[in-house]
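This is what each chain is made of:
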Amino acid sequence: MSEGLPRYAYLGPAGTFTEAALRQVAPVGECVDLPVSDVSSAIEAVRTGDADFAVVAIESTVEGGVTATLDSLAGGDPLVIVREMLVPVQFTLAAAPFVRIEDVRRISAHPHAWVQCRRWLARHLPSVVHVPATSNTAPAALIAAGGAELPFDAALVPPAAVDSYGLVPLAVDVADNVSAQTRFVVVGHPGAVPPRTGADKTTLVVHLPDNEAGALLAMLEQFAVRGVNLSRIESRPIGDALGRYSFSLDAEGHITDERVGEAVMGLHRRCPYVRFLGSYPRADAVEPTVHVGTADTDFVGARTWLQALRSGTAT
Ligand SMILES: O=C(O)C(=O)Cc1ccccc1
């Protein structure tokens, strides 16, 4: 019975790294899986009410921010990130039984997978052609389905998907970076913010005032002067005119941390648009370094002192 279970939209079909991320939060049987063919559809499924949550890749060690995810979250009805997960990413070159590596001319791969294996491919199969796939297991599912002749001979797939789709490995560990990781997030409707753990992240989208010299520096100063470290920042076109950019950033800390709250208030004062995309526990549980004068007690003490000055009760 799946009634009452949370519904998760994710990039399918089964066996993607996104599904591995989903399993960290919702084991099989404890949720309804809704596989879709791109991250924007996964996020949209939450907006339309077809899903309760979406699990989407947001950042990778190889390519940085996943732009489709950042753009889908930056506009449209507000959604928030409630959790993050890290998944190690490796690839196997695999094919239907009886395909020999020397006969491989066309390889189907998700564009991110192709980039992650570029050096290996250039070295071992320099003349192969890339056939883009919607996910890391979409070509595996096509091979497993059999039937019509496919426009590719082999595919780059997650190692765990080789057996589950009845493929054979032609070459293992073909990713260029052995420590590659992808960061995934669970996206849901705004509501109660996940409690502060002491090792949290806050994701924001910020627009800067137009034609103001130093506006980016002024935005960054809101964090710097309060001792808030940023772990990711990137610009994306707003889309309405050339030269207009939106900044997507991750700040270390929780919205209930005084220093993060003060920085976000500073953004609200200085920037024409600020979207809060959630505070959630860091997957690596690393706590931020708290610099002198930026602990919660420092902010609360300073506020109490100011109140006393204003009310004439300071001693
Ligand atoms: O989740 C997957 O498996 C995907 O197809 C997306 C992807 C692509 C490359 C690295 C990590 C995730």
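Being a predicted model, the structure only gives us computed values, none of them experimental.

### So, the nonpolar core
Counting 34 residues, the largest nonpolar core has V55, F91, L93, I107, L121 and L156 as the members making the most contacts within it. With three residues, the top contributor of residues to this core is helix α1 (residues 17–25). Each of domain 1 (1–88 + 181–191) and domain 2 (91–174) gives at least three residues to this core. Those residues within four positions of L156 in sequence are excluded, and the remaining contacts are F91, T92, L93, I107, S108, A109, A113, W114, C117, L121, N136 and V174.

### What to know about helix α6 (residues 138–145)
All of the buried residues along α6 are A138, P139, A140 and I143. For α6, the secondary structure elements touched by its buried residues are β6 (92–95), β7 (106–109) and β9 (154–157). Two residues or fewer after α6 comes G146, characterised by a positive phi angle close to 65°.

### Some points on the layout of surface pockets
Empty space left among the atoms is revealed by rolling a probe the size of a water molecule over them. Taken as a whole, the largest pocket spans an internal volume of roughly 320 Å³. Around the largest pocket, the lining is made up of 22 residues, and of these L11, A57, H110, H112 and N136 lie nearest the centre. Mapped by element, the contributors of at least two residues to the lining of the largest pocket are α1, β3 (53–60), α3 (67–74), α4 (111–116) and β11 (181–188). Broken down by element, the residue count for the lining of the largest pocket peaks at three residues, all from α4. Its residues assigned to classes, the lining of the largest pocket shows ten nonpolar, eleven polar and one charged. Each of domain 1 (1–88 + 181–191) and domain 2 (91–174) gives at least three residues to the lining of the largest pocket.

### Considerations on the domain arrangement of the protein chain
Segmenting the protein chain into domains produces domain 1 (1–88 + 181–191), domain 2 (91–174) and domain 3 (192–315). Computed over C-alpha atoms only, the centres of domain 1 and domain 3 are separated by 25 Å. Buried area between domain 1 and domain 3, both sides added, is near 1,600 Å², and the carbon and sulfur share of it is 52%. Counting every contact that joins domain 1 to domain 3 gives three salt bridges. With its nearest N and O atoms 2.7 Å apart, the salt bridge here joins R236 to D71. Our count for the domain 1 to domain 3 interface comes out at twelve residue pairs in polar contact (both at pLDDT 80 or more). Going through the elements one at a time, α3 and β5 (80–88) are the ones with two or more residues in the side of domain 1 that touches domain 3. For the side of domain 1 that touches domain 3, the element with the most residues is β5, which contributes seven residues. Of the residues in the side of domain 1 that touches domain 3, the class split is ten nonpolar, five polar and seven charged.

### Description of the site of the ligand
With respect to spatial proximity, the complete set of residues near the ligand consists of L11, T16, F17, T18, H110, H112, A113, Q116, S135, N136 and T182. Separating an oxygen atom of the ligand from a backbone N or O atom of F17 is a distance of 2.7 Å. One of the side-chain N or O atoms of N136 is found 2.7 Å from an oxygen atom in the ligand. Using a 2 Å cut-off from the grid points, one finds that the ligand occupies the largest pocket. Looking at the shell around the ligand element by element, the count peaks at three residues for α4. Taken together, the residues of the shell around the ligand sort by class into three nonpolar, eight polar and no charged. Split by domain, the shell around the ligand shows at least three residues from each of two domains, domain 1 (1–88 + 181–191) and domain 2 (91–174).

The rules behind the values
- Residues numbered from 1 in each chain as written.
- Predicted model: local features only at pLDDT ≥ 70, side-chain atom pairs only at ≥ 80, totals over all residues.
- Heavy atoms only, no water.
- Core = buried A, V, L, I, M, F, W, Y, C linked by side-chain atoms within 4.5 Å.
- Buried < 20%, exposed > 50% of the residue type's maximum accessible area, 1.4 Å probe, protein only.
- Helix = DSSP H or I, 4+ residues; strand = E, 2+ residues; numbered from the N terminus.
- Domains from an automatic or database assignment.
- Contact = heavy atoms within 4.5 Å.
- 1 Å grid on protein atoms, 1.4 Å probe; cavity = no way out; pocket = protein on both sides within 12 Å on 5 of 7 lines; lining within 4 Å.
- Points joined across faces, edges and corners; volume = space filled by probe spheres on them.
- Nonpolar A, V, L, I, M, F, W, Y, C, P; charged D, E, K, R; others polar.
- Buried area = accessible area lost by both parts, 1.4 Å probe.
- Salt bridge = Lys/Arg side-chain N within 4 Å of Asp/Glu carboxyl O.
- Polar contact = N/O pair within 3.5 Å; in protein donor to acceptor, adjacent residues only side chain to side chain.
- Near = heavy atom within 4 Å.
- Sits in = over half its atoms within 2 Å of the grid points.

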